[in-house]
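Summary of structural features
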Amino acid sequence: MTYAITQTCCNDATCVAVCPVNCIHPTPEERAFGSTEMLHIDPRACIDCGACADACPVDAIFPVDALSAGQREYADINAAYYEGAEPPAAEVEGPNFHAWGEPVFERSLPSDFGPLRVAVVGTGPAGMYAAQDLLLHTAAEVTLIDRLPVAGGLVRYGVAPDHPATKKVGDTFSRFHSHPRVRMHLGIEVGRDVTAEELSAHHDAVIYAVGASTDRRLGVPGEELPGCLSATAFVAWYNAHPEAVAQGVDLSAERVVVVGNGNVALDVARILVADPEALAATDIAAHALDALRASRVREVVVLGRRGPEDAAYTRSELLALKHVPGVELVVDDHDPRTAAAIEAAGAGDRAGVLKGLARARTDAASPAGGERRIVLRFHSEVVEIPGEGGGVRSVRVTDGGGTVDLSAGLMLRAIGYRGIPVPGLPFDEASGTVPHQGGRVAGLPGSYVVGWIKRGPSGGIGANRTCAAETVGTLLADAVAGELPAPKGDAKAFRRLARQRNRRVVDARGLAAIDRAERDRGRRDGRPRVKLATVEELVATARSGRLLRLTR
C-alpha cells in the first residue's frame, strides 16, 4: 500500500523534508517546484511509512486504500505524474534509505550576531511563514502586526468553510503566537495608527505581508448596480470578516452568475448551492448560514472568457466539484469549441476532467426548481449588466456571434485580486505590487515584502513558504553586510506608541481569549467554532478574557 496526495495539498513541501526515500516531487530544489498544482507521491518508491501524512499541515495525504470514492482519482493523478519517468535508482548502501545532500544553512546568522528585532505586518500565511523562518533559524525578536484585531489573514477569512483541512495550516502558525520571542499588536494599521517610518525607527527590519486586499474590475456598464459584488466581498461575508456587511447579499433569485474561472470562482459557486445543513457543521458565518438556508438559488453559471483548456482553476478543485452531494455539474455547449477542447484533452489535462459531464444550453430564463446545479460556460464574457438602479435582473453575455441576457439576481466577479498601496512604500500601479529585489523594497533599506504584495496574486498557501524563505534570506544577508539601519527605539517604546495611537490593541493573551470564546460558542452549536463577526465583539472578548485571566 502507498500514500497519495489529494485535493487540499498546500504545496509548502513539509512532506518532502520528512520522506525517508525521497519519493515526493517536485522538491523545492527541482526546477518544476511551484509550477505544478500539487505535489505527488511516487507509488513505485513509497514505503508506506506515513511520515508525510503525519507532517502534512493540511491533512492532504492518505493511504491509497483509505481514499473515499470522491478521492480515488488522486491515486491515479499521483501515479500519472511519474509515467514515463525512470524508476528510482538503487541508493548506496548505508543506514539511510537514500543519499542525502550536504546540509545547507542559507537563512542563519553568525553565532556571535546579536538578535535582530523584526516587525512582520500581516498575520496571514506569508507573514507567518516569514515569522516562523526567523524564529526557527535565528534568535530574532518578532513583532506581529495586523490591522484587524484577530490573526489569521487568508487562512481565517479566505479559505472556504467547507475546506476545514486547509484551515488546519492555521494551527501550525498559531504555535508561534505565544512564542517567547514574539510580541503581538493586533488592530494596528500602518498609515492609520503608525507610519512606515515609525515602524522602521523601532525595528532593525520590517517585513510587509499585507496581501492583495482588493479585486479587479470588469469595466462594463452596470457594474455599479446593487447585486454586482466582488467575490472578495462575498468570501469575506460568508467567512465573518469584520469589515464585511452582515446583511445585504440578496439570494432571492434562482440564478447567480459568477465571472471568472479560478479556484475562487469555484469556491463561491459551490457555497451558493451547497446543502446549508452540511455547511452548518463548519465555521461559516452565522449570518451567511441563515441567508443560505433561506436562499432560492438553484443554479450558478460560471463564466470563462476562454476555453476549458485555459481555465485558471486547479484540476484538483474541479475534481472535487464533481462530487458535491446533491449538485449537478454541467457544461454549457453553446460554443462548439468547448466540446472540441474537451474531446481532444488528455487524461491529465484540466479539460479532460470535464469528459462525461452532462452538456446543455443555458436558458435565458432562470431555472424552475429541480436539482441544484453549477453550469460551466466557456467562451463567454460579460458585456453589460442591464437595468436601472433597482439592482441586477440579468447579465448580458456573449453567445457565439451575438449576445444573450441571462436572467440573474446576483453577479459575482472573481477575476483576480489586486494589491493596494502601503503608505510610505513605493508602489507599482500596473502590477499592484511593491517594487523589490529578492524581497528588499526598492529604495528603503530595512524594509521587505513577502506574499502577494511582493509577487502578485498568484500561488496558494504553500507558495508563501518559499517566497518567505527568499525574503528572509535577503534580510539576513543585509544584516550580515551591515546594511540595516539601526533602530532608534526599543520594543517597550513601540508598545507605548502603539497603545497611545490605538487603545484597542489586542495582544497574544487577548487573541487566546478570542479563540477560546469562538470554540466555546462552537461547542454549544456542534460546530468547530462560531466566529465573532465585528471589531467590537473581537476587542470586547479580547479584553474580557484577558481581565478574567488576570483576576484568577
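See above for the structure.
Residues numbered from 1 in each chain as written. Predicted model: local features only at pLDDT ≥ 70, side-chain atom pairs only at ≥ 80, totals over all residues. Heavy atoms only, no water.

Evaluated as defined, the whole model comprises two cavities of 30 Å³ or more. Roughly 80 Å³ of volume is contained in the largest cavity. Lining the largest cavity are 14 residues; nearest its centre among them are Cys9, Cys10, Asn11, Cys15 and Cys56. Looking at side-chain class alone, the lining of the largest cavity contains 11 nonpolar, two polar and one charged residues. Its volume calculated, the second largest cavity comes out at about 70 Å³. What lines the second largest cavity is a set of 13 residues, among which Cys19, Cys23, Cys46, Cys49 and Cys52 lie closest to the centre. For the lining of the second largest cavity, the residue count by class is 11 nonpolar, one polar and one charged. (1 Å grid on protein atoms, 1.4 Å probe; cavity = no way out; pocket = protein on both sides within 12 Å on 5 of 7 lines; lining within 4 Å. Points joined across faces, edges and corners; volume = space filled by probe spheres on them. Nonpolar A, V, L, I, M, F, W, Y, C, P; charged D, E, K, R; others polar.)

What follows covers the nonpolar core. In this structure, Ile24 and Tyr238 are the most contacted members of the largest nonpolar core, which totals 117 residues. Tyr238 has contacts with Ala160, Pro161, Asp267, Val268, Ile271, Ile284, Ala285 and Ala288, leaving out every residue within four places of it along the chain. With 21 residues, the next largest nonpolar core counts Ile145, Ala196, Phe427 and Val505 among its residues. (Core = buried A, V, L, I, M, F, W, Y, C linked by side-chain atoms within 4.5 Å. Buried < 20%, exposed > 50% of the residue type's maximum accessible area, 1.4 Å probe, protein only. Contact = heavy atoms within 4.5 Å.)

Time to look at the sheet that holds strand S12 (residues 299-303). Think of a sheet as strands paired side by side through backbone hydrogen bonds, with each pair either parallel or antiparallel. With parallel pairing, seven strands are arranged side by side in an open sheet as S10-S19-S11-S12-S15-S13-S14. The open sheet is flanked by strand S10 (228-230) and strand S14 (358-360), the only strands paired with a single partner. Each adjacent strand pair in this sheet contributes to an overall mean axis angle of 25°, direction not counted. Two strands pair when backbone bridges link them, and strand S11 (residues 255-259) and strand S19 (residues 410-413) are joined in this way by four bridges, in the parallel orientation. Each residue of the ladder has a partner; that of Val259, found in S19, is Arg413. (Pairing = 2+ DSSP bridges. Helix = DSSP H or I, 4+ residues; strand = E, 2+ residues; numbered from the N terminus. Axes fitted to C-alpha atoms, helices over the stretch in contact; angles between N-to-C directions.)

Moving on to the pattern of salt bridges. Going through the model one piece at a time under the given rule, you end up with 34 salt bridges. Arg413 is the partner of Asp215 in a salt bridge, and the nearest nitrogen-oxygen pair spans 2.6 Å. With Asp215 in strand S9 (residues 214-215) and Arg413 in strand S19, this residue pair connects regions lying 198 residues apart in the sequence. The pair Asp215 / Arg413 is uniform in exposure class, with both members buried. Among the salt bridges present, the one from Arg529 reaches Asp515, with a minimum N-O distance of 2.7 Å. Pair noted here: Arg529 is in the loop between helix H18 (508-525) and helix H19 (535-551) and Asp515 is in helix H18, with a separation of 14 residues, a long-range link. The exposure class of Arg529 is buried, given its relative accessible area of 14%. Taking relative accessible area as the criterion, Asp515 reaches 28% and is therefore assigned partly exposed. The structure contains a network of salt bridges with shared partners spanning Arg156, Asp515, Glu518, Arg519 and Arg529. (Salt bridge = Lys/Arg side-chain N within 4 Å of Asp/Glu carboxyl O.)

Nothing here speaks to function; it is geometry throughout.
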